[in-house]
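Here are the chains, one letter per residue:
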Amino acid sequence: MKSFLIKGGIVYDPLNGVEGEVIDIGLRNGVIVDPSSLDPRETIVVDARGMMVVPGGIDVHSHIAGPKVNTGRVMMVEDHYLTNIPGKMGLRSQTGRTVPNVYKIGYGYARLGYTTVVEAASPPLKTRHTHEELDSIPIIDKMTLILMDSNWIALDYISEGDLKGLAGYIAWLLHATKGYGVKIVDPGADLAWLYGKGYGIDLDTQLPEYNLTPREIILMLGEASTLLNLPHPIHVHCNRLGYPGNYSTTTRTLELSSKYSTGNKISMHITHVQFTGYKGSTWATLGSGGEEIARILRRQRNASVDLGQIIFGSVTTMTADAPFEHVLFHISRWKWAFADVEAETASGIVPYRYRRRNYVNTVQWTIGLEVALLTKDPWRTFITTDHPNAGPFTKYPRVIAWLMSRRAREEEMKKVNRRALKKTALPAVDEEFDFNDIIIATRAAPAKLLGLEDFKGHLGIGAQADIAIYNIDPGKVDPSRDWKIVEKALSRAEYVFKDGRIVVRGGRVVEETYGSTLYVKPEIPEDLSKTIVDKVREMFPYYYSIQYSNFIVDLSEIRKPREIPVKTLL
Amino acid sequence: MTSTSIVQEALEEKLGERRQLEILLVTGRSLVQGMSMEAEGKRSRRYRLSASTLSLNPEDAQLIGVEKNSRVRVETEHGAIVVNVSIDPGLPRGTGFIPMGPWANAVVCPLTDGTGMPKYKNIPAKVRPTEEQVPSVEELVSIITGRRVDAHPVELDLREGEKKIIEDFVCPFCGDLCDFIKVHLNGNIVEKVVGACPLGSSKIRNYHRDRIVKPYIRSPSGLLEECTLPKALDKAAEILASSKHPLIFGLSSTVNEAIIVGVELAEYLGAIIDNTTVVCHGPTTIGVMEAGAARCTLGLVRHLADLILFWGCNPAEAHPNHFKRWVIEGGKHVKGRKDRRVIVIDVRRTATARMADEFIMVEPGKDYELITALRMAVKDLDIEQSTVAGVPREKIYELADALRSCKYGVGFFGMGLTMNEPRYRSLEELIKLAHDLNDWTRFTVVPMRGHYNVTGACQVSTWLTGYPFSVDFMRGIPKFIPGLTTATDALIRGDVDAALIIASDPVAHFPRKAVENLSKIPLIVVDPKWSLTAMIADVVIPSAMSGVEAGGTAYRMDGVPLRVKKIIEPPTGVMEDHRILLEILSRVRRLRGE
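Owing to the predicted nature of the structure, the values given are computational and were not obtained by experimental measurement.

Once that is clear, we can look at the overall build of chain B. Broken down by element type, chain B carries 24 helices and 27 strands. Against the compact-globule benchmark of 25 Å for 594 residues, chain B has a radius of gyration of 24 Å, which places it among compact chains. In terms of overall dimensions, chain B has a C-alpha envelope of 75 × 65 × 55 Å along the principal axes. Here chain B holds 594 residues, and the buried ones make up 67% of them. Of the contacts formed within chain B by residues at least 6 apart in sequence, a portion of 74% connects residues at least 24 apart. Total accessible area on chain B stands at roughly 20400 Å², and carbon and sulfur atoms take up 50% of it.

Set out below in structure tokens:
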């Protein structure tokens, strides 16, 4: 394998405390090595003078694969007609806009300099499908979170108050599905949805069938994953998402994070916080809860959020929050797909369009930015658009420009609904992120949140050689003024290395490689494991319509599995 | 000719005219047709007897003076065919039924109205008694295609050996993918199949019969000549590499691994790639594009469904385990058959209808009207006509009320809706009906998928190309234009110049016009068995039977992915589908200079 020397670049590597220094970086055999150890005869030198060299980007929340994504593709065929890029030079053809095909996803992320993406929600029963689709996505490393909040077996354990049993079951389920973490979506809502309920349930709403509330579900799942010492904490989509006044549900959920956390570790990740940051009591009186959320978040050191930032334009919303999609269907009045999955979860898909002149959409737009700018902690606020719910991932550079430049925001604010702006704090916010903040929020912090900081998200010796080089000189460009230059540079990486190979050059994908699929393997005591397997085997024929043995995803089914071993506290 | 015979002939002609019956012809699956196709193959007597039969209402039959086993000539605008008669009191007057197959296809309507779906149902036809003979499969195929029908079926050597019981075997027959099957193996003999329906069992037990085990290339004499595998692969690659716009069709009876390579091959060649969805639930999929979906996994039917509607589908004959698994068995909340209300809507009293609590007979081809009326009734709008599609208005109000007042309703639907005149409009309307009902209660509608991995074929195609079926790469980018890129239309219009058919039998199931054109172009077939298409092919490549001799992923009709298993070694020198496609792909690349 060839080795590379990235010479003269301006390096940002927050995990190693490097902020804009000129450092040479050597790569060999897919990992970062000491440049002096490279054999000059076998080394290709990449001239990165005047360019920004950073670790490959990590997206902690994106819907890129799985049953609902694929249904979204079928529903949004009109998206594919005018967005085709033919496959050339050994690449495959790309198509789609809000829900692109696998090639457009892989190449698209690579062009942005992203090398790792988390699929945010997969129903256990159909996770084999999710893996098949992830396997088809080129270039990036990937992993999938597993939906657990309405899982009947998990709820059985929770209602019995059997914490150890629940932890054991989570370990079994993650192992059986080769998943990476626990996803909670509008906790309990999909359980209620099966009975025609679940609309706008709050933390203390009594759920049907089980004598439980969403609060108890979050706490138990949070506690169990802490006990399992999972690398990624519970990933929560809050109750009452999309309902006016829901910011208080979010802040109360945030407060739960300290109830079971240990030490400084982040014990709860709240996702696409924009959708759960609404003040006001109706759509007409909607306001931004961004300030309040930022205030609570600053205090709750064990929690983090990602933005779910709105991008004006067309989107395809898709979520395991089935009841909310039903509500959205009545707002959008066009197409709606839902699918209920036995004993586990459900999902919904509704295409939608965010418009600048729309009062509600404008309020939504301000919330994500407010949370990020007012919290001012890039270690705990991640940049996402909840692709494809709030906007496509390809617009990340636009979000970054808004965060880095007040002028960029003002430019946008000229075009949006004036009445809505008056109700939000954003026009008064002066805060601006610098390059280091951005690299923290898109590389270093996500690697830590996913528990992968050993080999991802930094450029130290031994790290995975996933590197993005952008043609921009942070010393010369003032992002506040020249935000357009920043946006352009970040949209098309000059070079991207994936596992030590050049996959993007000059903003074009030049080689199709396939990354690994990461999954966790929590080691649990043998006797507990046996109890769990016995119980699951007993319940399985009753709850499920397939056989126990056919449920388990085998490693041989995954193109390039990479195990993340976990030492549990059990 | 003597004068008496002329007089006699004239008399008979006159009599024939008087004894002519006008019917609406419906085609579809029947249990015996499906079983015999899987067991003895399509050249068998049993298949011939079942698939070359027109079922008629007893009164209709009496009218033209025919009875069981008489022969009749069925004539439509699109062709004529001689078939046997059988009597079915479940059929309404004026409707005739021929199981899907080459006989039916000789007379069905090839027009797809820009949807890809020919009209397989409700075709106006004239029936009169005849003394002519019913053509055999071989005769029929050679008349239509003008090719010499040739087959070299082999019954695999069965050898006793290690005795094994395979547990949790996934049946590779229909979209229900029963995964609790026990297969008793003795060496390579399937001794017993426990839990499978007659169709699935027939497929698994008879895996060794009617097999293709050697590659063949059609010789100048018009017969198939055995050759080596590399030679057959070379020839296949040559045909594909030199074609301008080939067609890759089938894929629904193979595993995802093969479909993924198939799409890559199509993209490289600039080909059309299509799966059998185009002639089954293609309109449903277009309905999803128009309106969305309302689905659930089948386990929930067991747990929750207190009302089950079967509309235009006949699982008793096409998915024989379906009723038992999801209607009779109980779940968490609904304890079994007696707690469920089962309603069947169909044009004839099918075997499924006989198991239902209620049967509503709809006029052939009028399902769309009935769904629309139901939507009106669900919204409490007044229906002006006293009957819609042959169903009294009061009945519609009553049905709407039943749908609204159940706790969790599930509608299964099939070809009875997709093959009608309005095509996807019926499905769009049905999906919207389910959407409307979700304002009252929970209601889902689930398509009854036929081939065991047709769902997987759609899923794979969607994530790779953005479109679920009928994808054309001619311009280097995926295009989906129903009526243009659909395999049926491309063949009917003669838009393709070579074809690779894999794990499917279009000669048996496409309208006559499409089959005629298919026989005019170089034709490659990859199949484990002697399908009718294989018998007229230019290149025949044997493949391992996926689901028995090859493993991989397949998707159940509700999208639940399962692994089908390899339990028996394929015959020597026979590869699995995905390896064959990979071999062809690498050869094509070489030929095109890479």
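There's plenty left to go through after this.
For the rest of this paragraph, the subject is the domain arrangement of chain B. Buried accessible area, meaning the area lost when the parts come together, often serves as the stated size of an interface. All names here are of chain B. Split into domains, chain B comes out as domain 1 (3-135), domain 2 (214-280 + 453-591) and domain 3 (283-447). Taking the mean C-alpha position of each, domain 1 and domain 2 sit 31 Å from one another. With 22 residues of domain 1 at the interface, the matching set in domain 2 holds 21 residues. In total, about 1500 Å² of surface goes out of reach between domain 1 and domain 2, with carbon and sulfur atoms giving 56% of it. Three residues, Lys42, Arg43 and Asn105, lead the burial of domain 1 against domain 2; their summed loss comes to 29% of the area buried on that side. Scanning the region where domain 1 abuts domain 2 turns up one salt bridge. Measuring nitrogen to oxygen at the nearest pair gives 2.6 Å for the salt bridge that ties Asp505 to Lys42. Taken together, the links from domain 1 to domain 2 amount to eight residue pairs in polar contact (both at pLDDT 80 or more). Among the elements that take part in the side of domain 1 that touches domain 2, helix 2 (residues 31-39) stands out by supplying three residues, more than any other. Its residues placed into classes, the side of domain 1 that touches domain 2 shows 11 nonpolar, eight polar and three charged.

On to the sheet that holds strand 18 (residues 336-341) of chain A, then. If you walk across this open sheet you meet the four strands as 17(A)-19(A)-18(A)-14(B), and the pairing is mixed. Both edges of this open sheet fall to strand 17 (313-319) of chain A together with strand 14 (292-296) of chain B, since each of them pairs with a single strand only. Averaged over all adjacent pairs, the angle separating strand axes in this sheet is 10°, with direction ignored. Summarising the sheet, strand 18 of chain A and strand 14 of chain B pair through five bridges and their orientation is parallel. Bridging across to strand 14 of chain B, A:Phe338 finds its partner in B:Ala294. Along the sheet face, helix 1 (residues 67-75) of chain A touches strand 17, strand 18 and strand 19 (345-354) of chain A together with strand 14 of chain B and points at about 40° away from the line of strand 19 of chain A. Contacting strand 18 of chain A together with strand 14 of chain B, helix 18 (residues 424-437) of chain B runs over the sheet at an angle of about 65° to strand 14 of chain B.

Okay, the pairing of strand 7 (residues 52-55) of chain A next. Residues and elements named next belong to chain A. Judged from the two bridges that link them, strand 2 (residues 10-13) and strand 7 form a sheet pairing that is parallel. Of the residues in strand 7, the one forming a bridge with Val11 is Val53. The sheet contact formed by strand 7 and strand 21 (residues 467-470) spans four bridges and is antiparallel. Bridge assignment links Met52 to a residue of strand 21, and that residue is Tyr470.

Quick look at a positive patch on the surface now. Residues and elements named next belong to chain A. On the surface, a cluster of positive charge is contributed by Lys88, Lys488, Arg492 and Arg508. The topology assignment puts Lys488 in helix 17 (residues 483-491). Using a relative accessible area of 64% as the deciding quantity, one classes Lys488 as exposed.

A few words now on the interface of chain B and chain A. At the junction of the two partners, chain B supplies 62 residues and chain A supplies 54 residues. With both sides pooled, the region where chain B packs onto chain A buries about 4800 Å², and carbon together with sulfur makes up 53% of that total. On the chain B side of the interface with chain A, the three residues burying the most area are B:Lys332, B:Arg442 and B:Trp463, jointly 15% of the side's total. Along the contact surface separating chain B from chain A lie five salt bridges. The partner of A:Glu557 in a salt bridge is B:Arg563, with the nearest N and O atoms 3.8 Å apart.

Here the focus is the packing of aromatic side chains. Where two aromatic rings form a pair, the distance of their centres and the angle of their planes describe that pair. Residues and elements named next belong to chain A. Within the structure shown, the criterion is met by 34 aromatic pairs over all chains. Here Tyr114 and Tyr396 contribute two aromatic rings whose centre-to-centre distance is 5.5 Å and whose plane-to-plane angle is 50°, an arrangement assigned as tilted. Residue Tyr114 is located in strand 9 (residues 114-122), and its partner Tyr396 is located in helix 13 (residues 396-404); the two are separated by 282 residues in the primary sequence. Judged on exposure class, the residue Tyr114 and its partner Tyr396 are both buried. Clustering of aromatic rings is evident, with ring pairs tying together Tyr157, Tyr169, Trp172, Phe540, Tyr544, Tyr548 and Phe551.

Counting across every chain of the model gives 68 salt bridges over all chains. When the shortest N-O distance is used, the salt bridge between A:Glu412 and A:Arg356 registers 2.6 Å. Here the residue A:Glu412 occupies a position in helix 14 (residues 406-413), and A:Arg356 occupies one in the loop between strand 19 and helix 12 (359-375), the gap between them amounting to 56 residues. By relative accessible area, which is 5% here, A:Glu412 ends up buried. Relative accessible area serves as the criterion here: at 28%, A:Arg356 is assigned to the partly exposed category. The partner of B:Lys566 in a salt bridge is B:Glu569, with the nearest N and O atoms 3.5 Å apart. Through salt bridges with shared partners, a single network forms among A:Asp141, A:Lys456, A:Asp466, A:Lys498 and A:Asp499.

Turning our eyes to something else, we now look at the sheet that holds strand 25 (residues 539-542) of chain B. Residue and element names in this part refer to chain B. Spatial strand order, 11-10-25-24-23-12-13-22: eight strands in an open sheet with mixed pairing. One side of each edge strand has no neighbouring strand; the edge strands of this open sheet are strand 11 (224-226) and strand 22 (471-472). The pairing of strand 24 (residues 523-527) with strand 25 spans four bridges and is classified as parallel. The residue of strand 25 that forms the bridge with Ile524 is Val539.

The subject of this paragraph is the side chain of B:Ser252. Tracing the backbone shows B:Ser252 in the loop between strand 12 (247-250) and helix 9 (256-269). What makes B:Ser252 buried here is its relative accessible area of 0%.

A separate point is unusual backbone geometry. In this structure, the amide linkage connecting A:His387 to the following residue, A:Pro388, adopts the cis form with an omega of -5°. Take A:Pro388: it is sitting in the loop between strand 20 (381-382) and helix 13. Of note in the backbone geometry, A:His272 takes a positive phi value of approximately 30° without being a glycine. Relative to the helices and strands, A:His272 resides in the loop between strand 13 (268-270) and strand 14 (278-279). Judged by relative accessible area, which is 3%, A:His272 ranks as buried. Located in the positive-phi region is B:Ala389, a residue other than glycine, with phi close to 55°.

Conventions used here
Sequence positions are assigned chain by chain, starting from 1 and proceeding in written order. Chains and ligands are labelled by the order in which they are written, letters from A for the one and numbers from 1 for the other. It should be noted that, the model being predicted, local features are given only for residues of pLDDT at least 70 and side-chain atom pairs only at 80 or more, the latter also being counted only at that level, while totals for whole chains, interfaces and linings use all residues. Side-chain numbers here rest on the full set of heavy atoms in the structure, without hydrogens or water. For helices the rule is a DSSP run of H or I covering at least 4 residues; for strands it is a run of E covering at least 2, with both sets numbered from the N terminus onward. Throughout, radius of gyration means the C-alpha value; the globule benchmark is 2.2 Å times the number of residues raised to the power 0.38. The cut-offs for exposure are 20% and 50% of the maximum accessible area for each residue type, with area from a 1.4 Å probe on protein chains only; residues under the lower value are buried, those over the upper are exposed, and the others partly exposed. Contact definition: two residues touch when any of their heavy atoms are within 4.5 Å. Each accessible area is a Shrake-Rupley estimate made with a 1.4 Å probe; only the visible protein chains count as cover when residues are assessed. An automatic or database domain assignment supplies the residue ranges for each domain. Reported buried area values correspond to the accessible surface (1.4 Å probe) lost by two parts on association, with both partners' losses combined. The rule for a salt bridge is simple: a side-chain nitrogen of Lys or Arg has to be within 4 Å of a carboxyl oxygen of Asp or Glu. N or O atoms closer than or at 3.5 Å make up a polar contact, with two conditions inside protein: a donor-capable atom paired with an acceptor-capable one, and, for residues adjacent in sequence, both atoms drawn from side chains. Residues were grouped as follows: Ala, Val, Leu, Ile, Met, Phe, Trp, Tyr, Cys and Pro as nonpolar; Asp, Glu, Lys and Arg as charged; and all remaining residues, including Gly, as polar. Note on pairing: two strands pair once DSSP finds at least 2 bridges between them. The axes used here are C-alpha line fits, helices contributing only the stretch in contact, and every angle between their N-to-C directions lies in the interval 0 to 180 degrees. Patch construction takes residues with relative accessible area above 30% that form no salt bridge. Like charges are linked within 9 Å, and nonpolar side chains (Val, Leu, Ile, Met, Phe, Trp, Tyr) are linked within 5 Å. We treat Lys and Arg as the positive residues and Asp and Glu as the negative residues; His and chain ends play no part in the count. Note that the charge is assigned to NZ on lysines, CZ on arginines, CG on aspartates and CD on glutamates. Here a pair means two rings of Phe, Tyr or Trp (six-membered ring of Trp) with centres within 6.5 Å. Their orientation is stacked below 30 degrees between planes, edge-to-face above 60, and tilted elsewhere.

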